[in-house]
Amino acid sequence: MSRDPKCLFCKIVHGEIPSARVLETDRAVAILDINPVAKGHVLIIPRDHHAQVAELPDDLAAHVGSLVPRLTRAVVAATGADGSNTIINSGRVAGQTIFHCHWHVIPRFEDDPVRWPWPHDSYLGDEMGRTASLIQRELGGHADD
Ligand code: AMP
Ligand code: ZN
């Protein structure tokens, strides 16, 4: 099991720092966020230390992803929320503050003070196709491969 001795979330998943756990599996732990966007805000934390989502093994990401529907149903039912956001912040610029990859499940309420959605940009000319090609090249193929 990979672990960073200085990492807060490694200490939490190993039970060295207390947390309000709501779900545990052999590969992940779900806890309440200590400073929630809204009460009932859950963090799903893989037990293994990986700083960012891009570094996660596919099977671990798939396992954590498989917990999202059930946790979302539970959070929404328990809080009486009208909806939810599931998000991973990756990198300081994206708001990541704890560099042990985790998923947020945030209950949302009509007229809550959360500023969402983000502003949206648009593509000009063939920019959309060129951007898709650049990403496809990085992926090593085409979308329908
Ligand atoms: P992020 O900004 O995406 O890295 O998210 C880190 C989250 O961890 C923040 O929402 C914090 O409120 C939360 N957090 C920080 N310390 C703790 C802790 N000891 N227990 C539970 N959640 C925490
Ligand atoms: Zn860690």
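The following paragraphs examine the structure supplied in this document.

Here is what the cut-offs are and how they apply
- Residues numbered from 1 in each chain as written.
- Chains lettered and ligands numbered in written order.
- Predicted model: local features only at pLDDT ≥ 70, side-chain atom pairs only at ≥ 80, totals over all residues.
- Heavy atoms only, no water.
- Near = heavy atom within 4 Å.
- Polar contact = N/O pair within 3.5 Å; in protein donor to acceptor, adjacent residues only side chain to side chain.
- Areas by Shrake-Rupley, 256 points an atom, 1.4 Å probe, with all protein chains shown as cover.
- Helix = DSSP H or I, 4+ residues; strand = E, 2+ residues; numbered from the N terminus.
- Donors = N, O, S within 2.8 Å, 3.2 Å for Na, K, Ca; no water.
- Buried < 20%, exposed > 50% of the residue type's maximum accessible area, 1.4 Å probe, protein only.

As a structural note, the neighbourhood of ligand 1 is formed by 16 residues, with D33, N89, G95, T97 and H104 the closest of them. N89 is positioned such that a nitrogen or oxygen atom in its side chain is 2.9 Å from an oxygen atom of ligand 1. The side chain of H104 places a nitrogen or oxygen atom 2.8 Å from an oxygen atom of ligand 1. Against a free-state accessible area of 510 Å², the protein chains account for coverage of 83% of ligand 1. When residues of the shell around ligand 1 are traced back to their parent elements, those giving at least two are α1 (8–13) and β2 (28–32).

A few words now on the coordination of the zinc ion (ligand 2). Taken together, the protein donors to the zinc ion (ligand 2) comprise C7 (SG), C10 (SG), H49 (ND1) and H100 (ND1), at separations of 2.0 to 2.3 Å. Mapped onto the sequence, the residues coordinating the zinc ion (ligand 2) show the spacing C-x2-C-x38-H-x50-H. Separated by 39 residues along the polypeptide, C10 in helix α1 and H49 in the loop between β3 (42–46) and α2 (58–79) bring together distant segments of the chain. Neither C10 nor H49 differs from the other in exposure class; each is buried.

Keep in mind these numbers describe shape, not what the thing actually does.
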